Amino acid sequence: LTAGDIGATLKLKDTYTNHILSTKGSEIFIKPINFPDPKLRMAINAKNEADDEKLTIALQEIRHEDPSVIVEYNKELKQTLILIQGELHLQLVVWRLKNIYNIEVDLIPAKIPYRETIQKASASSYRHKKQSGGSGQFGEVYMKIEPYYEGMPDVKDYPVRKVEVTELAWGGKLVFVNSITGGAIDTRYLPAIQKGILEKMAEGPLTGSCVRDVRVIVYDGKMHAVDSNDISFKIAGMKAFTAAFNEAKPQLLEPLYDIEVTTPEDMMGDVMSELQTHRSIITGMDSNNGMQVIKAHTPLAELDAYTTSLQSLTQGRAKIRSKFHDYAPVPGELQMKLTEKHQKLEEA
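Residues numbered from 1 in each chain as written. Predicted model: local features only at pLDDT ≥ 70, side-chain atom pairs only at ≥ 80, totals over all residues. Heavy atoms only, no water.

**Q** Sorry, what's going on with the environment of Pro 113 here?
**A** Position of Pro 113 relative to the elements: it lies in the loop between β4 (105–109) and β5 (115–118). For Pro 113, a relative accessible area of 16% puts it in the buried group. Beyond its immediate chain neighbours, meaning those up to four positions away, Pro 113 contacts Arg 41, Glu 76, Leu 77, Pro 255, Leu 300 and Tyr 327. (Helix = DSSP H or I, 4+ residues; strand = E, 2+ residues; numbered from the N terminus. Buried < 20%, exposed > 50% of the residue type's maximum accessible area, 1.4 Å probe, protein only. Contact = heavy atoms within 4.5 Å.)

**Q** Looking at this structure, I do not really get the packing of helix α3 (residues 190–201) against helix α4 (residues 230–246). What am I missing?
**A** A pair of packed helices can be characterised by two numbers: the angle between their axes and the separation between those axes. Remark: α3 packs on α4, axes separated minimally by 7 Å, with the N-to-C direction vectors making an angle of 45°. When the interaxial angle is binned, α3 and α4 end up oblique. For the element pair α3 and α4, the recorded crossing hand is right-handed. Residue-level contacts link Ala 192, Ile 193, Lys 195, Gly 196, Ile 197, Glu 199, Lys 200 and Met 201 of α3 to Asp 230, Phe 233, Lys 234, Gly 237, Met 238, Phe 241 and Thr 242 of α4. For the contact of α3 with α4, the residue count by class is seven nonpolar, three polar and five charged. (Axes fitted to C-alpha atoms, helices over the stretch in contact; angles between N-to-C directions. Parallel < 35°, antiparallel > 145°, perpendicular 65-115°, else oblique. Left-handed = near helix turned anticlockwise from the far one by under 90°. Nonpolar A, V, L, I, M, F, W, Y, C, P; charged D, E, K, R; others polar.)

**Q** Hey, could you run me through the pairing of strand β14 (residues 291–299) in this one?
**A** On any regular strand, side chains alternate: one points to one face of the sheet, the next to the other face. Across the nine residues that make up β14, a large majority, seven, are buried. Of the pairings in the sheet, the one linking strand β12 (residues 250–264) to β14 comprises nine bridges and is antiparallel in character. Counted as the bridge partner of Val 261 is Ile 294 from β14. Both strand β13 (residues 281–288) and β14 contribute to a ladder of seven bridges, which runs antiparallel. Opposite Ile 282, over in β14, you have Ala 296 as the bridge partner. The antiparallel hairpin formed by β13 and β14 contains two residues in its connecting segment, where Asn 289 sits at a positive phi of about 50°. (Pairing = 2+ DSSP bridges.)

**Q** When you look at the side chain of Gln 335 in this model, what are you seeing that I'm missing?
**A** On the secondary structure map, Gln 335 appears in helix α7 (residues 332–347). Once residues lying within four places of it in the same chain are set aside, the contact partners of Gln 335 are Leu 206, Pro 250, Gln 251, Leu 252 and Val 330.

**Q** I tried to follow the side chain of Gln 251 on my own but got confused; where do I start?
**A** With respect to the secondary-structure elements, Gln 251 resides in strand β12. A polar side-chain atom of Gln 251 sits 3.2 Å from a polar atom in the side chain of Gln 119. A polar contact is formed between the side chain of Gln 251 and the side chain of Gln 335, at a distance of 3.2 Å. Ignoring anything within four residues of it in the chain, the contact list for Gln 251 reads Arg 115, Glu 116, Thr 117, Gln 119, Leu 206, Pro 329, Val 330 and Gln 335. (Polar contact = N/O pair within 3.5 Å; in protein donor to acceptor, adjacent residues only side chain to side chain.)

**Q** What should I look at first to understand the sheet that holds β4 in this one?
**A** What links the strands of a sheet is backbone hydrogen bonding, and the strands pair in either a parallel or an antiparallel sense. One open sheet accounts for four strands, arranged β2-β3-β1-β4; its pairing is antiparallel. Across the chains shown, the open sheet's two edge strands, defined by having one partner strand only, are β2 (70–74) and β4. This sheet shows a mean twist of 35° between the axes of neighbouring strands, independent of strand direction. Inspection of the sheet shows β2 paired to strand β3 (residues 79–84) by five bridges, in the antiparallel sense.

Right under this line is the structure:
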């Protein structure tokens, strides 16, 4: 085969896109294709639960043939996500699943990986007491929590016996300060208190999202010679943290993305107007080979909807690139709406 030729062969069981076929012993190297970043993300499920494993295998095969399809299971969101180039691309994948693999699927909007944090200091205590036939459970914890930031002053209000900094898997930190004096709580129970706090931070009080950037100072408590144990202090630590968090002016954070929209000049006004309806903040403009480049910060919650409307608005003539920028506070009205929705789900 030479440049411009198209070839076909059979029985290449383990050969996929970007693999090179050549004569044995030759050293041919072809630069691999760099595929564009995905523009749209959706959660995908098999309509019939019995097809779950079949769907996983089918999506892996589609991914091998078309590397611009990205499939991942997000443990935090508890969703299987499919990331593709747009609506038409998604329809093609769904068609293949139905007609080639005989799998019916449901597509639902992907959840947003929000984060929770606090804006002021707060103190609380919790006593966990449970009595049954034999030995019971008892643990009491007093704690203060504060917003954490790099370079913040050391603890001055309480004596500091030990400081543990935990780099959280979802970003941010937990700084755990042991300020217990006089043996109010035995040192062996401190890891249980910390574990209870970390478990609650993995599923925060506001919306069930991960909590980040908090300093916790455990400064007092009580224990019982017989009834105290790890589980008692784990529960007491979790409950005390939740109570303090709710009084510390909690703040919901959302992922913010840097985006670049490349558009023909005559469509620039419409594109900018559409950006602003999706809570975008314009950060700059530039020109490139006769096209206009608009730079903005856009919340991930708005990005999928904007990508679809942009293609419709410009008849596919505009291009968009995006990358994660940072987490930013969610507007108060939206935070209230998301919190209420989570509370209703919890009650249900």
